[in-house]
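# Descriptive structure summary
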Amino acid sequence: MSKKVPFTIREIEHCPECGAELVIRNGALGPFYACSSYPSCHYLRPLKAQVDGHIVKELDGQICPECGLILVLRQGRYGMFIGCSHYPECEHTELINKPDDTSINCPQCQQGKLLQRKSRFGKTFHSCSRYPECQFALNNKPISGECMFCHYPLLVEKRTSKGITLSCASKLCSKQQVNEIEK
């Protein structure tokens, strides 16, 4: 009875510069092929082909404001984005989902506006536009209004099992308001 190997045996590849065998090495950015005669030959190649920034679709009628060529939809390392079709020479990019701008003043510093942002995990939150100086942030959608209990100048919209409700944005109060949003 013969034993089956659970993996495929790769074919030996040779370095195009010196002819030595290529070996798989692991680096900070992931695995890559490198020449086995390293100190004398510095040949490297990524293990998998780079698909960062490849074109998904051309956007008809949309023109790049920097160079005048057609804009395209691209798939990149961090998701989909809009970029110029003449990429290495023109580096114009745009976001697909632009954040919502609110006209609500920051209740903490009274100088900045609350902006919608995304965390590194993809969750949406709202924070002050003067970020390093003012570190006010909310996980729920801000609504302009005043708390009827503590008179804090901001309310938040919370989605609960009862429906959408308004609550005080102050962490000290956080009381639910009597008026509920009907949707």
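Cut-offs applied
Residues numbered from 1 in each chain as written. Predicted model: local features only at pLDDT ≥ 70, side-chain atom pairs only at ≥ 80, totals over all residues. Heavy atoms only, no water. Helix = DSSP H or I, 4+ residues; strand = E, 2+ residues; numbered from the N terminus. Buried < 20%, exposed > 50% of the residue type's maximum accessible area, 1.4 Å probe, protein only. Contact = heavy atoms within 4.5 Å. UniProt positions renumbered as here; feature names shortened; annotations may be inferred. Pairing = 2+ DSSP bridges. Axes fitted to C-alpha atoms, helices over the stretch in contact; angles between N-to-C directions. Salt bridge = Lys/Arg side-chain N within 4 Å of Asp/Glu carboxyl O. Core = buried A, V, L, I, M, F, W, Y, C linked by side-chain atoms within 4.5 Å. Polar contact = N/O pair within 3.5 Å; in protein donor to acceptor, adjacent residues only side chain to side chain.

## Describing the overall build of the protein chain
Check the secondary structure of the protein chain and you find zero helices and 15 strands. Residues counted as buried form 28% of the 183 residues belonging to the protein chain. Across the protein chain, contacts joining residues at least 24 apart in sequence account for 15% of those joining residues at least 6 apart.

## A look at the environment of tyrosine 43
Summarising the element assignment, tyrosine 43 is placed in the loop between β2 (30-35) and β3 (44-46). The spatial distance from the C-alpha of tyrosine 43 to the C-alpha of glutamate 17 is 7.1 Å, given a sequence separation of 26 residues. Apart from residues lying up to four places away in sequence, tyrosine 43 is in contact with Cys15, Pro16, Glu17, Leu22, Tyr33, Ala34 and Cys35.

## Observations concerning the UniProt feature "domain: DNA topoisomerase type IA zn finger" (unreviewed entry) in the protein chain
As recorded in UniProt, the feature "domain: DNA topoisomerase type IA zn finger" (unreviewed entry) lies at residues 13-49, 62-98 and 105-142. Annotation note: span residues 105-142, helix share 0%, strand share 42%, distance between end C-alpha atoms 10 Å.

## A word on the sheet that holds strand β6 (residues 79-84)
Read from one edge to the other, the open sheet built from four strands follows the order β4-β5-β6-β7, with strand pairing classed as antiparallel. Whereas interior strands pair on both sides, the edge strands pair on one side only; in this sheet they are β4 (54-63) and β7 (93-94). Where β6 lies against β7, two bridges are found, and the strand directions are antiparallel. Across the sheet, the residue bridging to isoleucine 82 is glutamate 94, located in β7.

## With respect to the sheet that holds strand β1 (residues 22-27)
Sheet architecture is open: three strands sit in the order β1-β2-β3, paired in antiparallel fashion. Where the open sheet ends on each side, the last strands, each with one partner, are β1 and β3. Here the strands of the sheet are splayed against their neighbours by 35° on average, with no regard to which way each runs. Pairing of β2 with β3, which is carried by three bridges, proceeds in the antiparallel orientation. Looking at the pairing, tyrosine 33 lines up with arginine 45 of β3.

## Quick notes on the pattern of salt bridges
Tallying each qualifying case throughout the model produces two salt bridges. Linking arginine 45 and glutamate 13 is a salt bridge whose minimum nitrogen-to-oxygen distance equals 2.9 Å. Of this pair, arginine 45 sits in strand β3 while glutamate 13 sits in the segment before β1, and the two are 32 residues apart along the sequence. Notably, a salt bridge pairs arginine 159 with glutamate 157, separated by 3.7 Å at the nearest N-O pair. Its relative accessible area of 64% is what places arginine 159 among the exposed residues.

## Let's talk about the pairing of β4
Sheet topology places β4 next to strand β5 (residues 70-76); five bridges connect them, and they run antiparallel. Counterpart to histidine 54 in the pairing with β5 is glutamine 75. Turn length for the β4-β5 hairpin, with the two strands adjacent in sequence and antiparallel, is six residues, and the turn residue glycine 68 shows positive phi of about 85°.

## Considering the nonpolar core
One finds Ile104, Cys106, Cys109, Leu114, Cys128, Cys134, Phe136, Leu138, Leu154, Val156 and Ala169 forming the largest nonpolar core, which totals 11 residues. Ignoring any residue separated from it by four or fewer positions in sequence, one finds cysteine 106 in contact with Gly112, Lys113, Leu114, Cys128, Cys134 and Phe136.

## Describing the side chain of histidine 92
Assignment of secondary structure puts histidine 92 in the loop between β6 and β7. At 3.0 Å, the side chain of histidine 92 and the side chain of glutamate 94 are in polar contact. Sequence-distant contacts of histidine 92, defined by excluding residues within four places in its chain, comprise Cys64, Pro65, Glu66, Leu71, Ile82, Gly83 and Cys84.

## A few points about unusual backbone geometry
Among all residues save glycine, negative phi is the norm, and among peptide bonds the norm is trans. A positive phi angle, near 65°, is found at glutamine 110, a position not held by glycine. Looking at the secondary structure, you find glutamine 110 in the loop between β8 (101-105) and β9 (113-118). We note that histidine 151 has phi near 65°; this positive angle belongs to a residue other than glycine. By relative accessible area, which is 51% here, histidine 151 ends up exposed.

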